[in-house]
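# Descriptive analysis of the structure
Spelled out, the chains give:
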Amino acid sequence: MKCQCSSSSNSSSGVDEKSVFSLTSSSKYEDYLGEKTKGDLNVKVEHLEAFGIDSQATIKGPMEEVARVEAEEAEDLLRDLGIPTPFLSRQSPRDIFCSRTLHLQSISAIGYDMDYTLIHYNVIAWEGRAYDYCMENLKKVGFPVDGLAFDPDLVIRGLVIDKEKGNLVKADRFAYVKRAMHGTKMLSNRAVSEMYGRELVDLRKESRWEFLNTLFSVSEAVAYMQMVDRLDDGTIAAQLGPLDYEGLYKAVGRALIRAHVEGQLKSEIMSKPELFVTPDPELPLALLDQKEAGKKLLLITNSDYHYTDKMMQHSFNRFLPNDMGWRDLFDIMVVSARKPEFFQLSHPMYEVVTREGLMRPCFKAKTGGLYSGGSAQMVENSLNIHGDEVLYVGDHIYTDVSQSKVHLRWRTALICRELEEEFSALIHSRGHRASLVELINQKEVVGDLFNQLRLASQRRTKGRPAQTLAATNLDDQELSESMQKLLIVMQRLDQKIAPMLEADGELFNKRWGFLSRAGLWDKSYLMRQIEKYADIYTSRVSNFLHYTPFMYFRSQEQTLAHDSYSY
Ligand SMILES: Nc1nc2c(ncn2[C@@H]2O[C@H](COP(=O)(O)O)[C@@H](O)[C@H]2O)c(=O)[nH]1
Ligand SMILES: [Mg+2]
């Protein structure tokens with residue numbers, strides 16, 4: 001494959017794609033995997049013939065050899081063009097990770113959530129102010145909040161509040177609790193196993209468990225855990241009524257909801273967005289590429305019209321070419337969407353008809369329209385695009401990602417900004433983890449020998465032969481000395497391993513360890529949720545810019561316990 005670029009072919013009007021290939025309707029196309037993954041590209045034979053190219057004669061030889069040479073040349077050409085191959089940009093904190101194979105070419109519409117998806121907030125600033133307003137609201141109704149301050153390191157996304165016990169817990173993929181905090185104090189491993197040894201986290205029991213789905217959950221969880229301390233130390237006045245941990249959770253929740261829905265917090269953010277929003281100049285360009293590739297772009301946010309308009313203007317307009325404004329990017333925009341119900345039910349829809357936000361009822365969304373409320377079904381009908389032709393990108397694991405998949409079978413992408421820090425922490429702790437794994441392996445070997453000697457000794461006491469003749473012939477003293485020595489070695493290894501295990505993941509968060517892992521070997525509950533509901537996941541939307549709007553994301557092979565190469 002040779003680059004045909006020359007000054008004459010590099011005209012500003014670009015190559016006419018239609019002359020190079022034709023497209024088959026993506027909804028009809030299934031590939032050899034039985035999925036709409038291969039896409040819809042067809043060679044245009046007339047075009048080749050016009051250039052005197054014989055497609056059979058051009059590619060000669062066995063396909064394996066042709067493919068090897070072409071792949072090498074493709075890599076060389078990408079390097080010459082200064083474009084990193086998707087394979088090289090993989091394994092970076094800004095990679096797009098794939099749990100379920102997804103071909104962007106078979107996607108006709110891409111819907112975006114706004115808050116913490118298209119727009120990333122400075123968590124310390126945004127959640128810090130939400131926390132302040134929440135505490136102010138609690139104070140107004142008589143809660144003692146003096147001396148408390150927002151501590152963003154106290155919690156991470158993916159933890160679960162146990163409203164019955166006033167605890168915050170981290171669970172593994174099987175929903176077993178691995179770490180826990182009561183109020184703001186971490187519980188010992190012994191206390192965790194005594195409390196949760198026979199209990200699993202069960203999110204279906206909504207009265208008890210509350211999953212921290214998004215970065216918006218951080219302010220609420222910090223406020224709640226601090227107030228649990230106040231409830232325990234008896235400083236919450238009796239006149240607030242007999243409060244248990246569940247009642248306290250409701251009180252904190254109410255105070256935070258007031259912060260979100262009453263005007264002050266949002267007005268403060270709208271008046272100085274630069275203090276709260278982390279700008280990303282690449283973001284509008286990523287969406288522009290998708291739009292120009294023929295994707296219908298949708299905005300579906302729970303934020304209201306005025307807030308959405310202000311945030312989107314601030315984050316998009318200055319980075320868009322010519323006189324484009326943020327609204328020019330989207331085919332349909334829905335504000336005050338009321339997700340998750342937006343994906344489940346049908347609410348009345350209103351059209352926003354003036355810049356001031358005046359609305360009138362309407363029954364069908366039109367291209368270019370801005371709406372309030374309505375439902376995903378209405379959007380699908382308006383665009384005549386359904387199910388797996390839509391990719392929805394959001395940050396809320398339940399509201400955005402699980403519900404759009406469960407109810408509409410939309411393809412899904414989760415945005416999780418903390419992945420960048422997590423990825424770097426995982427890389428930097430490679431050495432620590434390797435030393436830890438080595439010590440654990442050594443303990444296993446020593447432990448295996450101890451167990452065999454123990455069995456030999458057990459059989460001897462019953463007058464039976466040991467496992468082998470050599471083991472039967474060991475003398476008593478030799479057997480007992482060997483066992484004692486091995487026990488001491490195992491104890492010493494435990495003393496070394498325990499604090500190292502405790503420290504694993506502290507580069508990400510001192511209390512909770514890594515976001516994606518629970519213990520040394522396993523995935524966290526959060527990671528299991530992501531894997532289950534999000535087809536792809538990444539740290540920010542602009543990471544799409546480094547791929548193309550035609551990218552084929554392929555999931556990795558899953559290893560199983562009985563795979564010979566998984567040892
Ligand atoms: N009433 C509540 N609103 C909340 C809460 N947490 C966040 N929010 C608001 O929802 C939208 C999220 O918008 P989206 O673009 O991500 O769909 C934003 O306006 C938040 O202020 C809450 O606990 N209660
Ligand atoms: Mg959001």
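Along each chain, the written sequence defines residue order, and numbers are assigned to residues from 1. Naming scheme: in the order in which they are written, chains are lettered from A and ligands are numbered from 1. Given that the model is predicted, a residue must reach a pLDDT of at least 70 before its local features are reported, and side-chain atom pairs must reach 80 or more before they are shown or counted; all residues, however, enter totals for whole chains, interfaces and linings. Note: side-chain values were computed over all heavy atoms of the structure, leaving out hydrogens and water.

The chain is annotated in an unreviewed UniProt entry as 5'-nucleotidase of Prunus persica.

Side chains bearing opposite charge may pair, as long as their charged atoms lie close to each other. Counted as salt bridges are all cases of a side-chain nitrogen of Lys or Arg within 4 Å of a carboxyl oxygen of Asp or Glu. For the structure shown, the criterion picks out 31 salt bridges. Between Arg 94 and Glu 282 there is a salt bridge, with the nearest N and O atoms lying 3.4 Å from each other. You can see Arg 94 sitting in the loop between helix 5 (86–89) and strand 3 (96–98) and its partner Glu 282 sitting in helix 11 (residues 282–292), a full 188 residues away along the chain. Burial classes follow relative accessibility: with a 1.4 Å probe on protein chains only, a residue under 20% of its type's maximum area counts as buried, one over 50% as exposed, and anything between as partly exposed. On the basis of relative accessible area, Glu 282 is assigned to the partly exposed category, the value being 26%. Residue Lys 339 pairs with Asp 400 through a salt bridge whose shortest N-O separation is 3.0 Å. Here Lys 339 is found in the loop between strand 14 (332–335) and helix 13 (341–344), whereas its partner Asp 400 is found in helix 15 (residues 397–408), with 61 residues between them in sequence. Helix and strand assignments come from DSSP, with helices taken as H or I runs of at least 4 residues and strands as E runs of at least 2, each series counted from the N terminus.

Let's shift gears to the UniProt feature "binding site: Mg(2+)" (unreviewed entry) in the chain. Those residues carrying the UniProt feature "binding site: Mg(2+)" (unreviewed entry) are Asp 113 and Asp 395 in this numbering. Maximum C-alpha separation among the annotated residues is 7.5 Å over a sequence range of 283 residues, consistent with a single clustered spot. Among the structural elements, Asp 113 can be located in the loop between strand 5 (109–112) and strand 6 (120–121). According to the relative accessible area criterion, Asp 113 is buried, its value standing at 5%. Aside from chain neighbours lying at most four places away, what touches Asp 113 is Leu 118, Leu 299, Ile 300, Lys 339, Tyr 392, Val 393, Gly 394, Asp 395 and Asp 400. Of note is the side chain of Asp 113, whose polar atom sits 2.6 Å from the side chain of Thr 117. When you line up the elements, Asp 395 lands in the loop between strand 18 (390–394) and helix 15. Any pair of residues with heavy atoms lying within 4.5 Å of one another is described as a contacting pair. For Asp 395, the residues in contact, after removing those within four places along its chain, are Asp 113, Asp 115, Tyr 116, Thr 117, Arg 157, Asn 213, Thr 214, Asp 400, Leu 414 and Ile 415. UniProt positions are given in the numbering used here, feature names are shortened, and annotations may be inferred rather than shown by experiment. N or O atoms within 3.5 Å of each other form a polar contact, as long as, within protein, one can give a hydrogen and the other can take it, and as long as residues adjacent in sequence are counted only when both atoms are side-chain atoms.

This part is about empty space enclosed by the protein. Using only the protein atoms, space was sampled on a 1 Å grid; points where a 1.4 Å probe fits but cannot get out form cavities, open sets with protein on both sides within 12 Å along at least five of seven lines form pockets, and lining residues are those with an atom within 4 Å of a point. Grid points are joined across faces, edges and corners, and a volume is the space filled by probe spheres set on the points. For the structure on display, the rule yields three cavities of 30 Å³ or more. Reported here for the largest cavity is a volume of approximately 110 Å³. Here the residues of the lining of the largest cavity sort into eight nonpolar, six polar and three charged. Basically, the charged four are Asp, Glu, Lys and Arg, the nonpolar ten are Ala, Val, Leu, Ile, Met, Phe, Trp, Tyr, Cys and Pro, and anything else, Gly included, counts as polar.

Our next topic: the coordination of the magnesium ion (ligand 2). In the first shell of the magnesium ion (ligand 2), the protein supplies Asp 113 (OD), Asp 115 (O) and Asp 395 (OD), at 2.0 to 2.2 Å from the metal. Each metal site is built from N, O and S donor atoms within 2.8 Å (3.2 Å for Na, K and Ca), and since water is not included, such sites may look incomplete. Written as a sequence motif, the donor residues of the magnesium ion (ligand 2) are D-x1-D-x279-D. Of the two residues, Asp 113 is situated in the loop between strand 5 and strand 6 and Asp 395 in the loop between strand 18 and helix 15; the sequence distance between them amounts to 282 residues.

Our focus in this paragraph is the site of ligand 1. Close contacts around ligand 1 come from 14 residues, with Asp 113, Asp 115, His 260, Thr 301 and Ser 303 the closest. Residue Lys 266 places a side-chain N or O atom 2.8 Å away from an oxygen atom belonging to ligand 1. At 2.5 Å from an oxygen atom of ligand 1 is found a side-chain nitrogen or oxygen belonging to Ser 303. Counting residues per element, the shell around ligand 1 draws most heavily on helix 9 (residues 245–261), which supplies three residues. Proximity is defined per residue: if any heavy atom of the residue lies within 4 Å of a molecule or strand, that residue is considered near it.

Time to look at the packing of aromatic side chains. Remark: the centre distance and the inter-plane angle together describe each pair of aromatic rings, the angle taken between the planes. Geometry of aromatic contacts follows a simple scheme: Phe, Tyr and Trp rings, the Trp one being its six-membered ring, pair when their centres are within 6.5 Å, and the pair is stacked under 30 degrees between planes, edge-to-face over 60, tilted otherwise. Scanning the model with the defined rule gives 16 aromatic pairs in all. Ring plane angle 80 degrees and centroid distance 5.9 Å describe the contact between Phe 211 and Tyr 525, whose orientation is recorded as edge-to-face. With Phe 211 in strand 11 (residues 209–211) and Tyr 525 in helix 20 (residues 525–533), the pair connects residues that are 314 residues apart, well separated along the chain. Tyr 525 shares its class with Phe 211; the two are buried. Ring pairing ties together the aromatic residues Tyr 116, Tyr 121, Trp 126 and Phe 216, which thus form one cluster. Charge-over-ring placement is defined geometrically: NZ (Lys) or CZ (Arg) within 6 Å of the ring centre, and within 35 degrees of the ring normal. The aromatic ring of Tyr 307 is capped on one face by Lys 266, whose charged end is 4.7 Å from the ring centroid.

The buried count for strand 17 (residues 369–373) comes to five of five residues, which makes it a mostly enclosed element. At least two DSSP bridges between two strands are required for those strands to pair. Where strand 15 (residues 349–352) lies against strand 17, three bridges are found, and the strand directions are antiparallel. Among the inter-strand pairings, Tyr 350 is bridged to a residue of strand 17, identified as Ser 372.

Turning our attention to the UniProt feature "active site" (unreviewed entry) in the chain. The UniProt entry lists Asp 113 and Asp 115 under the feature "active site" (unreviewed entry), expressed in the numbering used here. Residue position: Asp 115 is located in the loop between strand 5 and strand 6. In contact with Asp 115, not counting residues within four places along its chain, are Tyr 121, Phe 216, Thr 301, Ser 303, Tyr 307 and Asp 395.

Turning our attention to the packing of helix 17 (residues 430–461) against helix 19 (residues 476–503). How two helices pack is summed up by the angle between their axes together with the distance between the axes. Between helix 17 and helix 19, the shortest axis-to-axis distance is 9 Å and the interhelical angle comes to 150 degrees. With respect to helix 19, the axis of helix 17 lies roughly antiparallel. When the axes of helix 17 and helix 19 are compared, the crossing they make is left-handed. By residue class, the composition of the contact of helix 17 with helix 19 is 18 nonpolar, six polar and six charged. Angles run from 0 to 180 degrees between N-to-C directions of axes, and those axes are lines fitted to C-alpha atoms, restricted for helices to the stretch in contact. Working rule for angles: under 35 degrees goes down as roughly parallel, over 145 as roughly antiparallel, 65 to 115 as roughly perpendicular, anything else as oblique. Definitions for this section: a left-handed crossing has its near helix turned counterclockwise from the far helix by less than a right angle. A right-handed crossing has that turn clockwise.

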